[in-house]
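Now for the letters of each chain:
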Amino acid sequence: MTHPLTPKERLTRQARGLEVDRVPALGGWIGGARVLASIAGIGEAEYLTNPERGMLLAHLALGVDGMVTGPVIPTALEQIRTGLVQEAQFAGVEPEALLRLAGSLPEGEREVLASFDAVAEERRYRRTIEHALANWGGIQPIPTFWEIGGHFPLYTEFGYTAFWMACALYPEAVGKIYWARALHSRERAKILVRLYREYDLVPLLFCGEDVCNNSGPMVSPAFLRAHYFPTVRMIIEPLVDAGVRLIHHCDGDVRAVVDDFIELGFSGLQGFQYELGVDPAQFRRRRSRLGEELLLFTGLSVSRTLPFGTREDIRAEVDYFLDITEGGRGMFLFTSNVSGVEVPPENLIEAYSYLKTLIPGQRRPDPQPQWPGMSLSTTRREHG
């Protein structure tokens, strides 16, 4: 490159498969108020006076190019995580609750869409985008709207047991819930297509609900293909047609359904759980439905390397990502999930600073493929 690229140029060119001056870095999933304060170079008390500012200062210090919208912003020193679904909260909920919900929904598309408030949805998206553009100091927003990736996790409303039983007993009813909600989200996607053009956003969108746990798909792939995946395709089609690259979050053992994600129109993957045997190198040779090389939001391991690795382990992990992407083609450095409070801030600093020393396209003469975290000793992994 003849001149350093701006973050927006770097992200956009990488999304389009063009030459970049360095591999782009992403942020937004760093947990722990103390971790963020340390990276930002401010005291804990100062961080707590304005947690969003502290989070932003940390990411500016790391030098990220982009950040997911709705970034993690811990508001208390002891805050560990949010969004936990506890089955005890759904005691007494039966699968018939989903059957009743499906029965209450209109049968026709026009009737379902009659309750869609396009003005309110557009206002919500605009607020998110404009806040990021005005306040993130040049860090580019990576729109992250989970409703665009489908509406699979009904277990957050009914609990796992009732949800799983309903999928087995009343699959058509569960599919009707997905269909009705997807009709609304398809309209949201159409709104987003306009806003991408209006705000000239980086052509990336991150989404994708968890359909897998550590054992594989939570329900059978046959159920997903019959009742869920068609509704996801319906939602994302306007964005895919508009040239936005959609990245699917990959929690759990997703190997059985990765090809489904790609066939639906997703052209990138993120969030690999290496400890389950999910290796991004397995997916590198696949191509999107439009024939594009896949984009990989290569996730720094939040369960092994980041919390328990040395500086050498951190560098080896980044090297691994460069190796499997032929020197960084289609690669964006990110975390595999939200990093925990136990992660030493210096490990995150090391990963992001080391990335900036690497030349895109330059490959090690004798790369030694090594899954992230697999080289850590048992003692260091278990006891830090």
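Preceding this paragraph is the structure being described.
Below or above, wherever it landed, is the structure these notes cover. (Residues numbered from 1 in each chain as written. Predicted model: local features only at pLDDT ≥ 70, side-chain atom pairs only at ≥ 80, totals over all residues. Heavy atoms only, no water.)

Observations regarding the sheet that holds strand S3 (residues 140-142)
Here is step 1 of the chain: The parallel open sheet is built from three strands, whose spatial order is S1-S2-S3. Each edge of the open sheet is held by one strand with a lone partner, namely strand S1 (26-27) and S3.
Here is step 2 of the chain: With two bridges joining them, S1 and strand S2 (residues 66-68) adopt parallel strand pairing. What sits directly across from Leu26, in S2, is Gly66.
Here is step 3 of the chain: Across the sheet, helix H1 (residues 7-15) lies against S1, S2 and S3, angled at about 35° from S3, the strand it touches most. (Pairing = 2+ DSSP bridges. Helix = DSSP H or I, 4+ residues; strand = E, 2+ residues; numbered from the N terminus. Contact = heavy atoms within 4.5 Å. Axes fitted to C-alpha atoms, helices over the stretch in contact; angles between N-to-C directions.)

Observations regarding the layout of surface pockets
Any empty space left between the atoms is revealed when a probe the size of a water molecule rolls over them.
Here is step 1 of the chain: Taken as a whole, the second largest pocket holds about 210 Å³ of empty space.
Here is step 2 of the chain: In terms of residue class, the lining of the second largest pocket is built from six nonpolar, six polar and six charged. (1 Å grid on protein atoms, 1.4 Å probe; cavity = no way out; pocket = protein on both sides within 12 Å on 5 of 7 lines; lining within 4 Å. Points joined across faces, edges and corners; volume = space filled by probe spheres on them. Nonpolar A, V, L, I, M, F, W, Y, C, P; charged D, E, K, R; others polar.)

Some details on the environment of Pro153
Here is step 1 of the chain: Structurally, Pro153 is set in the loop between S3 and helix H8 (155-158).
Here is step 2 of the chain: With relative accessibility at 13%, the residue Pro153 sits in the buried group.
Here is step 3 of the chain: Through-space distance from the C-alpha of Pro153 to that of Gly361 is 39 Å; in sequence the pair is 208 residues apart. (Buried < 20%, exposed > 50% of the residue type's maximum accessible area, 1.4 Å probe, protein only.)

Some words on the pattern of salt bridges
Here is step 1 of the chain: For the structure on display, the rule yields 31 salt bridges.
Here is step 2 of the chain: Among the ionic pairs, Arg186 bridges to Glu187, the shortest N-O distance being 3.5 Å. This pair shows no difference in class: Arg186 is buried, exactly as Glu187 is.
Here is step 3 of the chain: The salt bridge involving Asp259 is made with Arg286; its shortest N-O contact spans 2.6 Å. Here Asp259 is found in helix H12 (residues 258-264), whereas its partner Arg286 is found in the loop between strand S8 (268-270) and strand S9 (295-300), with 27 residues between them in sequence.
Here is step 4 of the chain: Relative accessible area serves as the criterion here: at 44%, Asp259 is assigned to the partly exposed category.
Here is step 5 of the chain: On the basis of relative accessible area, Arg286 is assigned to the partly exposed category, the value being 24%. (Salt bridge = Lys/Arg side-chain N within 4 Å of Asp/Glu carboxyl O.)

Quick look at helix H14 (residues 311-324)
Here is step 1 of the chain: The end-to-end C-alpha distance of H14 is 20 Å, a good match for the 20 Å that 14 residues give at a rise of 1.5 Å each.
Here is step 2 of the chain: The buried count for H14 comes to 10 of 14 residues, which makes it a mostly enclosed element.
Here is step 3 of the chain: Positive backbone phi, at 50°, marks Glu326, one or two positions downstream of H14. (Expected span 1.5 Å × (residues − 1).)

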